[in-house]
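# Structure at a glance
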Amino acid sequence: MLRPHTSLDAKSSEAIRGAKLKRRDLLKKILGLGAIALGTHLPYSRLSESDNSAIQFTAEPELHPALAEVFEALMTDEGAQTLATLASASPILSEAEPGSESAAAETPKPVTPVQPESETVDDPLPLASAPDGEDARLEKIRRFNEVFTDDIFLTSGEYATLIAALKRINRVQAYVGHGNFNILAFDDMLNYARGVPEIGRFRQDEKALMDRLFHDDASQLGFFGKKVIVRMTHRVPKREVIKVPYTGHYLYKGDALKLYERLRDDIGDRLILTSGVRSVVKQYQLFMAKAVASAGNLSKASRSLAPPGHSYHGIGDFDVGKVGFHINNFTAAFAQTDVCRELQRLDYIGIRYTTRNKYGVRYEPWHMRVVL
Ligand SMILES: [Zn+2]
(Lines give C-alpha, C1' and ligand atoms only; values in the text may rest on other atoms or scores of the structure.)
Protein backbone atom coordinates (compact mmCIF):
# COMPACT_ATOMS: atom_id res chain seq x y z
CA MET A 1 0.00 0.00 0.00
CA LEU A 2 1.37 3.36 -0.97
CA ARG A 3 1.83 5.80 1.85
CA PRO A 4 2.23 9.56 1.57
CA HIS A 5 5.88 10.46 1.56
CA THR A 6 5.70 13.73 3.44
CA SER A 7 6.50 12.24 6.79
CA LEU A 8 9.24 10.15 5.28
CA ASP A 9 10.84 13.23 3.85
CA ALA A 10 10.72 14.89 7.22
CA LYS A 11 12.25 11.86 8.85
CA SER A 12 14.90 11.69 6.17
CA SER A 13 15.82 15.32 6.76
CA GLU A 14 15.99 14.65 10.44
CA ALA A 15 18.23 11.70 9.80
CA ILE A 16 20.39 13.78 7.55
CA ARG A 17 20.78 16.43 10.21
CA GLY A 18 21.98 13.81 12.66
CA ALA A 19 25.58 14.37 11.71
CA LYS A 20 26.86 12.28 14.59
CA LEU A 21 25.33 9.13 13.21
CA LYS A 22 27.73 6.72 11.69
CA ARG A 23 27.48 6.50 7.96
CA ARG A 24 26.38 2.91 7.88
CA ASP A 25 23.73 3.54 10.50
CA LEU A 26 22.54 6.48 8.54
CA LEU A 27 22.22 4.48 5.36
CA LYS A 28 20.40 1.79 7.26
CA LYS A 29 18.08 4.36 8.71
CA ILE A 30 17.29 5.86 5.35
CA LEU A 31 16.62 2.45 3.87
CA GLY A 32 14.65 1.38 6.90
CA LEU A 33 12.31 4.32 6.52
CA GLY A 34 11.02 2.77 3.40
CA ALA A 35 11.47 6.01 1.50
CA ILE A 36 12.80 4.03 -1.35
CA ALA A 37 11.04 0.80 -1.96
CA LEU A 38 7.33 0.74 -1.78
CA GLY A 39 6.33 -2.88 -1.75
CA THR A 40 7.31 -6.29 -0.59
CA HIS A 41 6.14 -8.54 -3.35
CA LEU A 42 8.56 -10.73 -5.18
CA PRO A 43 9.79 -10.48 -7.77
CA TYR A 44 9.98 -6.73 -7.51
CA SER A 45 6.76 -4.88 -6.89
CA ARG A 46 4.35 -2.37 -8.29
CA LEU A 47 2.76 0.59 -6.67
CA SER A 48 -0.71 -0.11 -5.43
CA GLU A 49 -3.16 0.15 -8.24
CA SER A 50 -6.24 0.12 -6.12
CA ASP A 51 -6.41 3.85 -5.43
CA ASN A 52 -6.16 4.91 -9.04
CA SER A 53 -6.40 8.63 -9.56
CA ALA A 54 -6.55 9.38 -5.86
CA ILE A 55 -2.91 8.47 -5.50
CA GLN A 56 -0.54 11.35 -5.12
CA PHE A 57 3.15 10.78 -5.26
CA THR A 58 5.76 13.20 -4.04
CA ALA A 59 9.11 13.59 -5.68
CA GLU A 60 11.72 11.14 -4.55
CA PRO A 61 13.43 12.27 -1.39
CA GLU A 62 16.75 13.92 -1.95
CA LEU A 63 19.42 11.30 -1.53
CA HIS A 64 21.74 11.55 1.37
CA PRO A 65 25.45 12.21 0.81
CA ALA A 66 26.06 8.73 2.17
CA LEU A 67 24.85 7.51 -1.20
CA ALA A 68 26.98 9.94 -3.13
CA GLU A 69 29.73 7.49 -3.88
CA VAL A 70 27.23 5.23 -5.57
CA PHE A 71 26.80 7.88 -8.22
CA GLU A 72 30.47 8.23 -8.95
CA ALA A 73 30.14 5.75 -11.76
CA LEU A 74 27.55 7.80 -13.54
CA MET A 75 29.44 11.01 -13.12
CA THR A 76 32.84 9.67 -14.00
CA ASP A 77 31.73 7.47 -16.79
CA GLU A 78 29.82 9.90 -18.86
CA GLY A 79 31.00 13.20 -17.52
CA ALA A 80 34.18 13.61 -15.62
CA GLN A 81 36.02 10.98 -17.56
CA THR A 82 35.30 12.71 -20.81
CA LEU A 83 36.25 15.97 -19.17
CA ALA A 84 39.51 14.60 -17.89
CA THR A 85 40.56 12.89 -21.07
CA LEU A 86 39.51 15.67 -23.36
CA ALA A 87 40.67 18.68 -21.43
CA SER A 88 44.24 18.21 -22.52
CA ALA A 89 43.40 16.79 -25.91
CA SER A 90 41.29 19.58 -27.24
CA PRO A 91 42.32 23.18 -27.72
CA ILE A 92 38.76 24.21 -28.52
CA LEU A 93 37.87 25.50 -25.08
CA SER A 94 40.80 27.82 -24.72
CA GLU A 95 40.94 28.99 -28.31
CA ALA A 96 37.31 29.76 -28.87
CA GLU A 97 36.72 33.45 -29.27
CA PRO A 98 34.45 35.01 -26.70
CA GLY A 99 31.03 35.44 -28.13
CA SER A 100 31.49 32.88 -30.85
CA GLU A 101 28.91 30.18 -31.16
CA SER A 102 31.43 27.67 -29.95
CA ALA A 103 32.35 29.62 -26.85
CA ALA A 104 28.73 30.28 -26.03
CA ALA A 105 27.84 26.66 -26.34
CA GLU A 106 30.82 25.58 -24.27
CA THR A 107 29.55 27.47 -21.28
CA PRO A 108 27.13 25.02 -19.76
CA LYS A 109 23.91 26.91 -19.30
CA PRO A 110 21.63 25.91 -16.49
CA VAL A 111 19.47 23.33 -18.09
CA THR A 112 16.39 21.96 -16.46
CA PRO A 113 16.81 19.28 -15.44
CA VAL A 114 20.46 18.41 -15.97
CA GLN A 115 20.37 15.79 -13.25
CA PRO A 116 16.73 15.31 -12.59
CA GLU A 117 17.27 12.62 -9.96
CA SER A 118 18.88 15.07 -7.58
CA GLU A 119 16.31 17.74 -8.17
CA THR A 120 14.10 18.69 -5.26
CA VAL A 121 10.49 19.33 -6.07
CA ASP A 122 8.19 20.77 -3.49
CA ASP A 123 4.87 20.08 -5.10
CA PRO A 124 3.73 16.49 -5.40
CA LEU A 125 3.83 15.14 -8.91
CA PRO A 126 0.60 13.64 -10.08
CA LEU A 127 1.13 9.96 -10.58
CA ALA A 128 0.64 9.45 -14.26
CA SER A 129 -2.00 7.09 -15.40
CA ALA A 130 -0.80 4.14 -17.40
CA PRO A 131 -2.99 3.51 -20.40
CA ASP A 132 -2.03 0.51 -22.48
CA GLY A 133 -0.51 0.46 -25.89
CA GLU A 134 1.45 2.85 -28.05
CA ASP A 135 0.10 6.01 -26.45
CA ALA A 136 1.33 4.86 -23.08
CA ARG A 137 4.73 4.04 -24.44
CA LEU A 138 5.08 7.43 -26.11
CA GLU A 139 3.88 9.22 -23.01
CA LYS A 140 6.46 7.41 -20.93
CA ILE A 141 9.17 8.28 -23.44
CA ARG A 142 8.24 11.95 -23.13
CA ARG A 143 7.99 11.83 -19.36
CA PHE A 144 10.78 9.30 -18.82
CA ASN A 145 11.84 10.81 -15.56
CA GLU A 146 8.48 10.58 -13.86
CA VAL A 147 6.87 7.75 -11.93
CA PHE A 148 3.98 5.74 -13.39
CA THR A 149 1.49 3.56 -11.59
CA ASP A 150 2.67 0.37 -13.23
CA ASP A 151 6.38 0.99 -12.68
CA ILE A 152 8.29 -1.89 -11.14
CA PHE A 153 10.20 -1.21 -7.93
CA LEU A 154 12.76 -3.15 -5.96
CA THR A 155 11.84 -3.87 -2.38
CA SER A 156 13.85 -2.14 0.34
CA GLY A 157 15.91 -5.29 0.88
CA GLU A 158 16.64 -5.60 -2.82
CA TYR A 159 17.50 -1.94 -2.98
CA ALA A 160 20.10 -2.33 -0.23
CA THR A 161 21.55 -5.28 -2.14
CA LEU A 162 21.61 -3.21 -5.32
CA ILE A 163 23.64 -0.50 -3.61
CA ALA A 164 26.10 -3.00 -2.15
CA ALA A 165 26.60 -4.68 -5.53
CA LEU A 166 27.01 -1.38 -7.35
CA LYS A 167 29.61 -0.19 -4.85
CA ARG A 168 31.51 -3.40 -5.42
CA ILE A 169 31.32 -2.97 -9.18
CA ASN A 170 32.59 0.59 -8.78
CA ARG A 171 35.53 -0.72 -6.78
CA VAL A 172 36.33 -3.13 -9.60
CA GLN A 173 36.25 -0.20 -12.01
CA ALA A 174 38.59 1.82 -9.82
CA TYR A 175 40.92 -1.18 -9.70
CA VAL A 176 41.07 -2.00 -13.41
CA GLY A 177 40.72 1.56 -14.72
CA HIS A 178 37.88 3.16 -16.65
CA GLY A 179 39.11 2.20 -20.10
CA ASN A 180 39.61 -1.49 -19.30
CA PHE A 181 36.34 -1.56 -17.41
CA ASN A 182 34.39 -0.60 -20.53
CA ILE A 183 35.09 -4.01 -22.01
CA LEU A 184 35.51 -6.10 -18.86
CA ALA A 185 33.81 -9.52 -18.91
CA PHE A 186 31.54 -10.70 -16.10
CA ASP A 187 33.74 -13.62 -15.05
CA ASP A 188 36.77 -11.36 -14.93
CA MET A 189 34.86 -8.98 -12.69
CA LEU A 190 34.04 -11.85 -10.31
CA ASN A 191 37.69 -12.92 -10.33
CA TYR A 192 38.93 -9.45 -9.45
CA ALA A 193 36.39 -9.25 -6.66
CA ARG A 194 37.50 -12.60 -5.30
CA GLY A 195 41.19 -11.89 -5.56
CA VAL A 196 41.44 -8.30 -4.41
CA PRO A 197 40.62 -7.83 -0.72
CA GLU A 198 39.71 -4.15 -1.12
CA ILE A 199 36.96 -5.15 -3.56
CA GLY A 200 35.67 -8.22 -1.78
CA ARG A 201 33.81 -11.12 -3.35
CA PHE A 202 30.23 -10.65 -4.47
CA ARG A 203 27.71 -11.93 -1.93
CA GLN A 204 25.09 -14.48 -2.90
CA ASP A 205 22.27 -11.96 -2.74
CA GLU A 206 24.22 -9.55 -4.93
CA LYS A 207 24.81 -12.24 -7.52
CA ALA A 208 21.21 -13.37 -7.38
CA LEU A 209 19.94 -9.83 -7.95
CA MET A 210 22.33 -9.29 -10.86
CA ASP A 211 21.24 -12.60 -12.31
CA ARG A 212 17.63 -11.45 -12.26
CA LEU A 213 18.46 -8.08 -13.75
CA PHE A 214 19.99 -9.91 -16.67
CA HIS A 215 17.53 -12.76 -17.10
CA ASP A 216 14.13 -11.39 -16.18
CA ASP A 217 11.88 -10.30 -19.03
CA ALA A 218 12.71 -6.64 -19.56
CA SER A 219 9.36 -5.97 -21.20
CA GLN A 220 7.81 -6.27 -17.73
CA LEU A 221 9.68 -3.09 -16.89
CA GLY A 222 8.34 -1.38 -19.99
CA PHE A 223 11.54 -1.86 -21.99
CA PHE A 224 10.82 -3.42 -25.38
CA GLY A 225 14.26 -3.63 -26.99
CA LYS A 226 15.59 -7.00 -27.92
CA LYS A 227 18.18 -8.87 -25.98
CA VAL A 228 21.26 -8.46 -28.13
CA ILE A 229 23.62 -10.31 -25.81
CA VAL A 230 22.13 -13.47 -24.43
CA ARG A 231 24.91 -14.73 -22.20
CA MET A 232 25.90 -12.89 -19.06
CA THR A 233 29.43 -14.20 -19.52
CA HIS A 234 29.79 -12.80 -23.04
CA ARG A 235 33.25 -11.43 -23.80
CA VAL A 236 33.98 -8.45 -26.01
CA PRO A 237 36.37 -9.86 -28.63
CA LYS A 238 39.44 -7.71 -28.10
CA ARG A 239 40.76 -8.18 -31.61
CA GLU A 240 37.56 -6.73 -33.03
CA VAL A 241 37.65 -3.48 -31.10
CA ILE A 242 39.95 -0.50 -31.06
CA LYS A 243 40.52 2.07 -28.34
CA VAL A 244 39.83 5.57 -29.57
CA PRO A 245 42.59 7.96 -28.47
CA TYR A 246 41.77 10.58 -25.82
CA THR A 247 38.36 9.11 -25.07
CA GLY A 248 38.88 6.02 -22.90
CA HIS A 249 36.28 4.30 -25.07
CA TYR A 250 36.35 1.54 -27.64
CA LEU A 251 34.68 1.05 -31.01
CA TYR A 252 34.13 -2.03 -33.08
CA LYS A 253 36.35 -2.03 -36.13
CA GLY A 254 34.33 -1.96 -39.32
CA ASP A 255 31.02 -0.11 -39.53
CA ALA A 256 31.22 1.63 -36.14
CA LEU A 257 34.75 2.91 -36.64
CA LYS A 258 33.99 3.97 -40.21
CA LEU A 259 30.92 5.90 -39.12
CA TYR A 260 32.81 7.62 -36.31
CA GLU A 261 35.64 8.64 -38.65
CA ARG A 262 33.17 9.96 -41.17
CA LEU A 263 31.43 12.00 -38.48
CA ARG A 264 34.75 13.48 -37.40
CA ASP A 265 35.56 14.30 -41.02
CA ASP A 266 32.24 16.03 -41.56
CA ILE A 267 31.76 17.78 -38.22
CA GLY A 268 35.33 18.09 -37.06
CA ASP A 269 37.02 17.45 -33.77
CA ARG A 270 34.32 19.27 -31.85
CA LEU A 271 32.53 15.92 -32.06
CA ILE A 272 33.83 13.25 -29.74
CA LEU A 273 33.05 9.69 -28.73
CA THR A 274 31.38 9.77 -25.32
CA SER A 275 30.52 6.07 -24.95
CA GLY A 276 31.50 3.21 -27.20
CA VAL A 277 31.60 -0.53 -26.75
CA ARG A 278 30.15 -1.59 -23.43
CA SER A 279 30.59 -5.04 -21.96
CA VAL A 280 27.78 -6.66 -20.02
CA VAL A 281 29.53 -5.51 -16.85
CA LYS A 282 29.66 -1.90 -18.00
CA GLN A 283 25.96 -1.97 -18.84
CA TYR A 284 25.25 -3.46 -15.42
CA GLN A 285 27.06 -0.58 -13.79
CA LEU A 286 25.21 2.10 -15.73
CA PHE A 287 21.80 0.48 -15.33
CA MET A 288 22.30 -0.20 -11.63
CA ALA A 289 23.51 3.33 -10.97
CA LYS A 290 20.42 4.64 -12.72
CA ALA A 291 18.24 2.27 -10.70
CA VAL A 292 19.80 3.53 -7.48
CA ALA A 293 19.27 7.13 -8.56
CA SER A 294 15.69 6.21 -9.41
CA ALA A 295 15.05 4.98 -5.87
CA GLY A 296 14.78 1.36 -6.96
CA ASN A 297 12.31 2.09 -9.77
CA LEU A 298 13.60 -0.30 -12.44
CA SER A 299 11.07 0.84 -14.99
CA LYS A 300 12.16 4.43 -14.68
CA ALA A 301 15.80 3.36 -14.96
CA SER A 302 15.01 1.40 -18.12
CA ARG A 303 13.54 4.50 -19.75
CA SER A 304 17.06 6.00 -19.72
CA LEU A 305 19.31 2.97 -19.88
CA ALA A 306 18.86 -0.43 -21.46
CA PRO A 307 18.97 -3.26 -18.92
CA PRO A 308 22.13 -5.41 -19.10
CA GLY A 309 22.14 -7.58 -22.22
CA HIS A 310 19.85 -5.16 -24.06
CA SER A 311 22.25 -2.39 -25.02
CA TYR A 312 23.27 -1.99 -28.63
CA HIS A 313 26.51 -0.55 -27.25
CA GLY A 314 27.37 -4.19 -26.73
CA ILE A 315 27.36 -4.91 -30.43
CA GLY A 316 28.26 -1.70 -32.25
CA ASP A 317 26.27 1.45 -31.42
CA PHE A 318 28.01 4.41 -29.83
CA ASP A 319 27.32 7.85 -28.39
CA VAL A 320 28.81 11.11 -29.54
CA GLY A 321 28.89 14.51 -27.92
CA LYS A 322 30.37 17.94 -28.12
CA VAL A 323 33.85 18.41 -26.73
CA GLY A 324 33.70 20.29 -23.46
CA PHE A 325 29.98 19.78 -22.97
CA HIS A 326 30.66 17.06 -20.43
CA ILE A 327 27.68 15.44 -18.72
CA ASN A 328 25.30 17.71 -20.64
CA ASN A 329 26.03 15.58 -23.68
CA PHE A 330 23.59 13.09 -22.17
CA THR A 331 20.80 15.56 -21.56
CA ALA A 332 18.24 17.41 -23.64
CA ALA A 333 20.74 20.28 -23.78
CA PHE A 334 22.77 18.35 -26.33
CA ALA A 335 20.02 18.87 -28.90
CA GLN A 336 20.72 22.62 -28.76
CA THR A 337 24.40 22.32 -29.61
CA ASP A 338 25.97 23.05 -32.97
CA VAL A 339 27.30 19.50 -33.05
CA CYS A 340 23.83 18.03 -32.72
CA ARG A 341 22.37 20.39 -35.30
CA GLU A 342 25.07 19.43 -37.76
CA LEU A 343 24.57 15.76 -36.99
CA GLN A 344 20.91 16.05 -37.83
CA ARG A 345 21.73 17.47 -41.25
CA LEU A 346 23.67 14.35 -42.21
CA ASP A 347 21.60 11.94 -44.25
CA TYR A 348 23.69 8.88 -43.47
CA ILE A 349 23.17 8.65 -39.72
CA GLY A 350 20.45 6.95 -37.75
CA ILE A 351 19.37 7.73 -34.20
CA ARG A 352 18.55 4.60 -32.23
CA TYR A 353 16.18 6.18 -29.74
CA THR A 354 13.99 8.63 -31.60
CA THR A 355 11.14 10.63 -30.06
CA ARG A 356 8.75 7.86 -31.08
CA ASN A 357 10.90 4.79 -30.63
CA LYS A 358 9.58 1.28 -30.18
CA TYR A 359 11.93 0.51 -27.30
CA GLY A 360 10.33 2.66 -24.61
CA VAL A 361 13.49 4.69 -24.11
CA ARG A 362 13.82 8.48 -23.88
CA TYR A 363 14.88 10.48 -26.93
CA GLU A 364 18.65 10.24 -27.35
CA PRO A 365 19.92 12.34 -30.26
CA TRP A 366 23.49 11.43 -29.27
CA HIS A 367 23.12 7.68 -29.75
CA MET A 368 24.29 6.56 -33.19
CA ARG A 369 22.63 3.47 -34.62
CA VAL A 370 25.23 1.25 -36.22
CA VAL A 371 23.55 -2.13 -36.07
CA LEU A 372 20.24 -2.40 -37.87
ZN1 LIG B 1 24.03 5.23 -26.15
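Above this text sits the structure in question.
Rules of the game
- Position numbers for residues start from 1 in each chain and track the written sequence from start to end.
- In view of the model being predicted, local features appear only for residues whose pLDDT reaches at least 70, and side-chain atom pairs are presented and counted only at 80 or more, with totals across whole chains, interfaces and linings using the full set of residues.
- To qualify as a helix, a DSSP run of H or I must reach at least 4 residues; to qualify as a strand, a run of E must reach at least 2; elements of each kind are numbered from the N terminus.
- Here a residue counts as buried when 20 or more other C-beta atoms fall within 10 Å of its C-beta, as exposed when 12 or fewer do, and as partly exposed in between; the C-beta atoms come from the backbone.
- Contact criterion: two residues are in contact if their C-beta atoms, reconstructed from the backbone, are within 7 Å.
- Only strands joined by at least two bridges in the DSSP assignment are considered to pair.
- Every axis in this analysis is a line fitted to C-alpha atoms, fitted for helices over the stretch in contact. Angles between the N-to-C directions lie between 0 and 180 degrees.
- For classification purposes, angles smaller than 35 degrees are called roughly parallel, those larger than 145 roughly antiparallel, those between 65 and 115 roughly perpendicular, and all remaining angles oblique.
- Only Asp, Glu, Lys and Arg are considered charged, only Ala, Val, Leu, Ile, Met, Phe, Trp, Tyr, Cys and Pro nonpolar, and every remaining residue, Gly among them, polar.
- The term nonpolar core means buried Ala, Val, Leu, Ile, Met, Phe, Trp, Tyr and Cys residues held together as one set by C-beta atoms within 7 Å.
- The length a helix should cover is 1.5 Å for every residue beyond the first.
- Note that the arc is defined by the directions from the helix axis to the C-beta atoms.

### Remarks on the overall build of the chain
On a plain count of helices and strands, the chain comes out with 14 helices and nine strands. Classification of the 372 residues of the chain by burial places 41% in the buried group. In the chain, the share of contacts with a sequence separation of at least 24, taken over all contacts with a separation of at least 6, comes to 77%.

### Focus on the sheet that holds strand E7 (residues 271–275)
Pairing is antiparallel across the open sheet formed by three strands, whose spatial order is E7-E8-E9. The open sheet has two edge strands with one neighbour each: E7 and strand E9 (367–368). The pairing of E7 with strand E8 (residues 318–322) spans four bridges and is antiparallel. Across the sheet, Leu273 pairs through a bridge with Val320, a residue of E8. Its contacts with the sheet put helix H11 (residues 255–267) on E7, E8 and E9, and the angle it makes with E7 is roughly 145°.

### Remarks on the pairing of strand E6 (residues 249–252)
On E6, burial covers both faces: His249 and Leu251 on one face and Tyr250 and Tyr252 on the other are all buried. Looking at chain direction, strand E5 (residues 241–244) and E6 are connected through four bridges and run antiparallel. Bridge pairing in E6 places Lys243 opposite Tyr250. Hairpin connection, E5 to E6: the antiparallel pair is bridged by four residues, and Tyr246 has positive phi, about 65°.

### Regarding the packing of helix H7 (residues 156–176) against helix H9 (residues 186–195)
Contact geometry of H7 with H9 gives a least axis separation of 10 Å together with a crossing angle of 90°. By the criterion of interaxial angle, the relationship of H7 to H9 is roughly perpendicular. In this structure, H7 contributes Arg168, Val172, Tyr175 and Val176 to the contact, and H9 contributes Met189, Tyr192 and Ala193. Among the residues making up the contact of H7 with H9, the classes are represented as six nonpolar, no polar and one charged.

### Structural notes on the environment of Tyr252
Residue placement: Tyr252 occurs in strand E6. The class for Tyr252 is buried, based on 23 C-beta atoms found within 10 Å. Placed 63 residues apart in sequence, Tyr252 and Ile315 show a C-alpha to C-alpha distance of 7.8 Å.

### Points about the packing of H7 against helix H10 (residues 204–215)
Geometrically, a packed helix pair is captured by the angle between its two axes and the distance between the axes. Viewed as axis vectors pointing N to C, H7 and H10 meet at an angle of 95°, and their least axial separation amounts to 9 Å. Compared by their axis directions, H7 and H10 come out roughly perpendicular. In contact with Glu158, Thr161, Leu162, Ala164, Ala165 and Arg168 of H7, H10 contributes Asp205, Glu206, Leu209 and Met210. Its residues placed into classes, the contact of H7 with H10 shows five nonpolar, one polar and four charged.

### As for the nonpolar core
Grouped together as the largest cluster of nonpolar side chains are 72 residues, with contacts concentrated most on Leu162, Leu251 and Met288. With ten residues, helix H12 (residues 280–293) is the single largest residue contributor to this core. Dropping the residues within four chain positions of it, Met288 is found in contact with Leu162, Ala165, Leu166 and Ile169.

### A look at H10
An α-helix turns once per 3.6 residues; consequently, residues spaced three or four apart project the same way. End to end, H10 covers 16 Å across twelve residues, agreeing with the expected 16 Å (1.5 Å per residue, within 8%). By the burial criterion, the buried members of H10 are Glu206, Leu209, Met210, Leu213 and Phe214. Taken down its axis, H10 places every buried residue within 135° of arc, on the same side. When the buried face of H10 is taken as reference, the exposed residues oriented beyond 90 degrees from it are Gln204 and Asp211. Those residues of H10 that are buried are in contact with H7 and H12.

### What to know about unusual backbone geometry
Although it is not a glycine, Tyr246 sits at a positive phi angle of roughly 65°. Within the secondary structure, Tyr246 sits in the loop between E5 and E6. Residue Tyr246 is classed as partly exposed on the basis of its 17 C-beta neighbours within 10 Å. Positive phi values are uncommon outside glycine, yet His326 reaches one of about 50°.

### Digging into the pairing of E8
Burial within E8 is extensive, with five of its five residues counted as buried. Here two bridges tie E8 to E9, and the two strands are oriented antiparallel to one another. When the bridges of E9 are listed, Phe318 appears paired with Met368.

### Considerations on the environment of Gly179
Locating Gly179 in the fold gives a position in helix H8 (residues 178–182). Take Gly179: there are 15 C-beta atoms within 10 Å of it, and that puts it in the partly exposed class. Through-space distance from the C-alpha of Gly179 to that of Tyr250 is 8.1 Å; in sequence the pair is 71 residues apart. When near neighbours in sequence (up to four residues on either side) are disregarded, Gly179 contacts Lys243 and Gly248.

### Examining the environment of Val361
Structurally, Val361 is set in the loop between helix H14 (338–345) and E9. Here the alpha-carbon distance between Val361 and Ala301, two residues 60 residues apart in the chain, equals 9.5 Å. Excluding residues within four positions of it along the chain, Val361 makes contact with Ile141, Arg303, Ala306 and Tyr353.

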